[in-house]
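# Coordinates in review
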Amino acid sequence: MELSEFRRQAHSLVDWMADYLEHVRDYPVKSQVQPGELLAQLPESPPSEAEPFDVVLADFTDIIMPGITHWQHPRFFAYFPANSSPPSLLAEMLTSTLGAQCMSWQTSPAATELEERVMQWLGGMIGLPPEWIGVIQDTASTATLCSILTAREKRSEFAVNRSGLTGSAPLAVYCSSETHSSIEKAVKIAGLGREHLRKIDVDNAFALKPNALEAAIRADQDQGITPLCTVATLGTTGSTAIDPLRRVGEICREHGLWLHVDAAFAGTALLLEDFRWMIDGIELADTFVFNPHKWMFTNFDCSAYFVRDTEALVRTFEILPEYLKTAEGSRVNNYRDWGLQLGRRFRALKLWFVIRNYGVAGLQAMVRRHITLAQHLANEIEQLDDFELLAPVPLAVVCFRFHPAGVDDPTELDRLNESLLEAVNGTGRMYLTHTKLAGSYALRMVTAQTNVSEEDVHAGWGLIVRAARELT
Ligand code: PLP
C-alpha cells in the first residue's frame, strides 16, 4: 500500500471509528451469529494476488462485524468490562504506527522511562506503598504466574531455576474457593501440581475465611508439605468479594508465606480513597496486580503488576544471551527481565494518555458513578418480591436471581434463571453473564462499562423484569 493510499484509508477509518463509537448502541450487544456461520464465509485459501483495500474493508463490515460482541456498548453488563476510551484508542494508533518492540531500554528509551514514571503515578493513585515498583504485564494471569514463580524461586534460593523441581518437598499454594481460575493455571505451569492448590472455604459474603486458611497451612506443615504462597483476592470474579487482607497477611507472615494480591477488577476502585480499606494490610503482601484494561478505560491489554522486591523478580526471569547485552547495563530497567516475554508492546503510552486526558479526578468521578449505579440497582432489586440479591454489592457488580413465589426447587430455580439469561441476551439489547454462588445459578449485572448511564441500567433492569415475568 502506497503512503498516499494509507493516508486516504486512515482518514476514512478514523471516521468509521468515530461513527462506530457514536452508534455502538445500535448494534446487538452480544453477537447473534451461530457457530461456524462466519467461518463458512471465509475462503479456505489466502488470495495469491493483492486485493484492493476497499474490498477487504467491505468484507470487514459485511462478514466480521456481525460476529463481533460489542464490549464498548453501554449495555455490556457481562463478565468484567474491557473498557476502552478515546484517549486510549488514540494512543493505540500511535503505538501501532511506531511499531516499537520495547524489550530493553535501548530498543526505545522513552517506552521504558515512561513506563517507569506512569507506574509510579499509578501506584500512588491507588494508595500502594511508595517503595513498591510497578511494571506492565499483558494480563493478570501473567502477573500472577510471575508472582508464583518468584515466590518459588525465592523460597528455593533460586535452586529450581538452576536444577529443576527434583527432590524437594511439595510446595502448596492457598486461595479461596472463589478465586479466579488463573491461580490454578499458574500453579500448574509453575510445576507445583494442582494437587497442591488449597481452595479455602469462604464466609457468607464469599470472602476467604482466615481460620480455615491457617488450619490448611498447619495441616500441610504437619504432613511435610511446604506452604509457599497465598493469593488473596480483592473483588472475586463471581461477586467481587473482598478477602480480609490484613488478617491473611498476618497469617502469611507468621508462617513465612509469600502473599500475592489479585485485584484484577477491583484495583481501579482504589482510586477512591474511601475504598482503600480493601488494601488495609497491603504492607504485609509481596506483590499486587490490577488491570487498567478492565475498569480503568485503557484498551486491552494492560495489567499493572507491583512488587516489593524487584531484585527477586529480576533474578527469577533474567537471562542474558550475548545478542541482548547492551552498554547501559544495570543503570536502566530492561523490562524483558521483569516477566515472561522478551518482546514487549509500548503499553505505557495509553496509560499516560488516559491518566492525563481524564486527570485523576476525572477517573475517580467515572468510577464513583459506576459504583453508585450498582447501589441503585441493588436497591431496586431489593424492592421486588420475586427477585433476590445473592451477594453483597461492594463495587459495581450485582448478583441476583429471579425467584418467583412457589418455585423453591433449586434445580428448577437454576433452570429458570438460565432461561432468563438466554431470553435477555437473545434480544441483543443487553448482555449479561452468570456465575454460581453457594451452588446456585446467579445472574451478574456489571455496571462498569465506560459509557453506561443510569438510563441504560434502568432500561436493562426493566427488560430483565419483563422477560422474567413472561417466562412464568
Ligand atoms: N483475576 C480476577 C479476579 C479476574 O476476574 C480475572 C479475569 O476476569 C483475572 C484474574 C484474569 O485476568 P486476565 O484476563 O487479565 O488474565
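Computed from a predicted structure; not experimentally measured. Along each chain, residue indices are assigned from 1 in the same order as the chain's sequence is written. Where local features are concerned, this predicted model is filtered to residues with pLDDT of at least 70; where side-chain atom pairs are given and counted, the filter is 80 or more; whole-chain, interface and lining totals use all residues. To get the side-chain values, take all heavy atoms of the structure and skip hydrogens and water.

## Here's the deal with empty space enclosed by the protein
- As defined here, a cavity is a set of points on a 1 Å grid over the protein atoms alone where a 1.4 Å probe fits but cannot get out. A pocket is an open set with protein on both sides within 12 Å along at least five of seven lines, and residues line them when an atom is within 4 Å of a point. Grid points are joined across faces, edges and corners, and a volume is the space filled by probe spheres set on the points. Taken as a whole and assessed by the stated rule, the structure comprises 1 cavity of 30 Å³ or more.
- One number sums up the size of the largest cavity: a volume of about 40 Å³.
- Contributing to the lining of the largest cavity are Val 135, Ile 136, Gln 137, Tyr 335, Trp 338, Gly 339, Leu 340, Gln 341 and Arg 344.
- The residue inventory of the lining of the largest cavity, partitioned by class, reads 5 nonpolar, 3 polar and 1 charged. Polar here means any residue outside two lists: the nonpolar Ala, Val, Leu, Ile, Met, Phe, Trp, Tyr, Cys and Pro, and the charged Asp, Glu, Lys and Arg; Gly therefore counts as polar.

## Overview of the layout of surface pockets
- The volume enclosed by the largest pocket comes to roughly 610 Å³.
- Looking at the largest pocket, it is lined by 22 residues, and the ones nearest its centre are Trp 16, Tyr 20, Gln 72, Leu 89 and Asn 299.
- Those elements that place two or more of their residues in the lining of the largest pocket are helix H1 (3-23), helix H2 (53-64) and helix H3 (86-98).
- Of the residues contributing to the lining of the largest pocket, the split by class is 14 nonpolar, 7 polar and 1 charged.
- Counting the residues that make up the lining of the largest pocket, at least three belong to each of domain 1 (1-30 + 69-84 + 360-472) and domain 2 (35-68).
- In this model, the second largest pocket occupies a volume close to 440 Å³.
- As for the second largest pocket, its lining consists of 25 residues, of which Tyr 79, Phe 80, His 180, Thr 237 and Lys 294 are closest to the centre.
- Residue assignment for the lining of the second largest pocket shows that the elements contributing at least two residues are helix H5 (140-155), helix H10 (292-295) and strand S10 (433-437).
- Tallying contributions element by element places S10 first for the lining of the second largest pocket, with 3 residues.
- Class assignment for the residues of the lining of the second largest pocket results in 7 nonpolar, 14 polar and 4 charged.
- Residue contributions to the lining of the second largest pocket reach at least three from each of two domains, namely domain 1 (1-30 + 69-84 + 360-472) and domain 3 (100-345). To qualify as a helix, a DSSP run of H or I must reach at least 4 residues; to qualify as a strand, a run of E must reach at least 2; elements of each kind are numbered from the N terminus. Segment limits for the domains were obtained from an automatic or database-derived domain assignment.

## What about the site of the ligand?
- If you check the shell around the ligand, you find 13 residues, and the closest are Ala 140, Ser 141, Thr 237, Asp 262 and Asn 291.
- For the ligand, an oxygen atom lies 2.8 Å from a polar atom in the side chain of Thr 237.
- In this structure, Asp 262 approaches the ligand through a side-chain N or O atom, which is 2.6 Å from a nitrogen atom.
- For the ligand, whose free accessible area comes to 390 Å², the fraction covered by protein is 87%.
- The rule for placing a molecule in a cavity or pocket is simple: more than half of its atoms must lie within 2 Å of the grid points. For the ligand, the cavity whose grid points lie within 2 Å of the majority of its atoms is the second largest pocket.
- Every element with two or more residues in the shell around the ligand is listed here: H5 and H10.
- Residues of the shell around the ligand, tallied by class, amount to 3 nonpolar, 8 polar and 2 charged. A cutoff of 4 Å decides nearness: a residue is near a molecule or strand if any of its heavy atoms lies inside that distance of it. Polar contacts, as used here, are pairs of N or O atoms within 3.5 Å; protein pairs need one atom able to donate a hydrogen and one able to accept it. Residues neighboring in sequence count only if both atoms are side-chain atoms. Per-residue accessibility takes into account occlusion by the displayed protein chains alone, with areas from the Shrake-Rupley method and a 1.4 Å probe.

## What to know about the pattern of salt bridges
- Any Lys or Arg side-chain nitrogen located within 4 Å of an Asp or Glu carboxyl oxygen qualifies as a salt bridge. One pass over the structure, following the stated rule, counts 25 salt bridges.
- In this structure, Glu 92 and Lys 350 form a salt bridge, with 3.1 Å as the shortest nitrogen-oxygen distance. Pair noted here: Glu 92 is in helix H3 and Lys 350 is in helix H12 (residues 348-382), with a separation of 258 residues, a long-range link.
- Here Glu 92 falls in the buried class, since its relative accessible area comes to 14%.
- Accessibility expressed as a relative area gives 1% for Lys 350, which makes it buried.
- For Asp 309, the salt bridge goes to Lys 154, with nearest N and O atoms at 2.7 Å. Each residue's exposure class comes from its accessible area (1.4 Å probe, protein chains only) as a fraction of the maximum for that residue type: buried when under 20%, exposed when over 50%, partly exposed otherwise.

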